[in-house]
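Here is how the chains run, residue by residue.
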Amino acid sequence: MFELDDDPDEIVPLTAEQARQVRAANPSISPWWVVLGQMVVGGLAVLVAWMLFGGLIAKSVSWGVLAVVLPAALFARGLTGQFARANPGAAVLSFFVWELVKILVTVGVLLTAHRLMDGLSWPAMLVGLIITIKVYWLALAFKRKAIGPV
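Residues numbered from 1 in each chain as written. Predicted model: local features only at pLDDT ≥ 70, side-chain atom pairs only at ≥ 80, totals over all residues. Heavy atoms only, no water.

Trainee: Talk me through the overall build of the chain; I want residue IDs and the actual numbers.
Mentor: Along the backbone of the chain there are six helices and zero strands. Listed by position from the N terminus, the elements making up the chain come as α-α-α-α-α-α. In the chain, buried positions account for 27% of the 150 residues. Taking as baseline every contact in the chain between residues at least 6 positions apart, the subset at least 24 positions apart corresponds to 71%. (Helix = DSSP H or I, 4+ residues; strand = E, 2+ residues; numbered from the N terminus. Buried < 20%, exposed > 50% of the residue type's maximum accessible area, 1.4 Å probe, protein only. Contact = heavy atoms within 4.5 Å.)

Structure representation (structure tokens):
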């Protein structure tokens, strides 16, 4: 499809048609699609935990789900905001800032769960957290185009 030049130092820009083909072959995944998937899978995990083990375990699983979904939603909001789309430098800075926010909020949710919930099951909470985190792989398997302009 594309030919490689013999001189690796020479950069050959893509034509408009080649750029369109590259974008069509590699669609973006919206971060909101991932957050939605995490919410659905997390809700199912809480439901299964409630049906099999009761309310206390289901609440623990739900704290694990919340420790993933809430930071992911904040991260998605940050990445799709106006500042992140201003220029490439702002996009990189925005990514790192929102990744730090995501980590801090995750730790905050886990600590809040420990302080607020009597009888918290850490293994159940970690199961909810791990199941919900793994949704990223499902999102990659079921690629979907980004929402809005890319």
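Having seen it, we continue.
Trainee: Break down the nonpolar core for me, with residues and values.
Mentor: In terms of nonpolar packing, the biggest core is built from 10 residues, these being Trp-63, Ala-67, Val-68, Val-109, Leu-110, Ala-113, Met-117, Leu-120, Met-125 and Leu-129. Counting residues per element, the ones that place at least two in this core are helix 3 (55–79), helix 4 (88–116) and helix 5 (122–133). Each residue touching Leu-129, except ones within four places of it in the same chain, is listed here: Gly-64, Val-65, Ala-67, Val-68 and Leu-110. Core analysis: the next-biggest nonpolar cluster, separate from the first, contains seven residues, Ala-45, Val-65, Val-69 and Ala-124 among them. (Core = buried A, V, L, I, M, F, W, Y, C linked by side-chain atoms within 4.5 Å.)

Trainee: Please give an account of the packing of aromatic side chains that cites residues and values.
Mentor: Inspection of the entire model under this criterion finds two aromatic pairs. Relative to Phe-95, the ring of Phe-75 lies with its centre 5.6 Å away and its plane at 70 degrees, an arrangement referred to as edge-to-face. With a gap of 20 residues between them, Phe-75 in helix 3 and Phe-95 in helix 4 connect regions that are remote in the sequence. Between the aromatic rings of Phe-95 and Phe-96, the centroid separation amounts to 5.5 Å while the plane-to-plane angle is 80 degrees, which identifies the pairing as edge-to-face. The aromatic ring of Phe-75 is capped on one face by Lys-102, whose charged end is 4.6 Å from the ring centroid. (Phe/Tyr/Trp six-rings, centres within 6.5 Å; stacked < 30°, edge-to-face > 60°. Lys NZ or Arg CZ within 6 Å of the ring centre and 35° of its normal.)

Trainee: Explain the environment of Val-35 to me, and be specific about the residues and the numbers.
Mentor: Secondary-structure assignment places Val-35 in helix 2 (residues 31–53). As a C-alpha pair, Val-35 and Phe-75 span 40 residues in sequence and 9.6 Å in three-dimensional space. Look past the residues within four positions of Val-35 in its chain and what remains in contact with it is Ala-72, Ala-73 and Ala-76.

Trainee: For the packing of helix 3 against helix 4, give the residues involved together with the corresponding values.
Mentor: Running from N to C, helix 3 and helix 4 point in directions that differ by 155 degrees, and their axes come no closer than 9 Å. When the interaxial angle is binned, helix 3 and helix 4 end up roughly antiparallel. Crossing angle aside, the handedness with which helix 3 passes helix 4 is right-handed. Contact residues: Trp-63, Leu-66, Ala-67, Leu-70, Pro-71, Ala-72, Leu-74, Phe-75, Gly-78 and Leu-79 in helix 3; Ser-94, Phe-95, Trp-98, Glu-99, Lys-102, Val-105, Thr-106, Val-109, Leu-110, Thr-112, Ala-113 and Leu-116 in helix 4. Looking at the contact of helix 3 with helix 4, its residues break down into 16 nonpolar, four polar and two charged. (Axes fitted to C-alpha atoms, helices over the stretch in contact; angles between N-to-C directions. Parallel < 35°, antiparallel > 145°, perpendicular 65-115°, else oblique. Left-handed = near helix turned anticlockwise from the far one by under 90°. Nonpolar A, V, L, I, M, F, W, Y, C, P; charged D, E, K, R; others polar.)

Take it as geometry only, folks, not as evidence of what the structure does.
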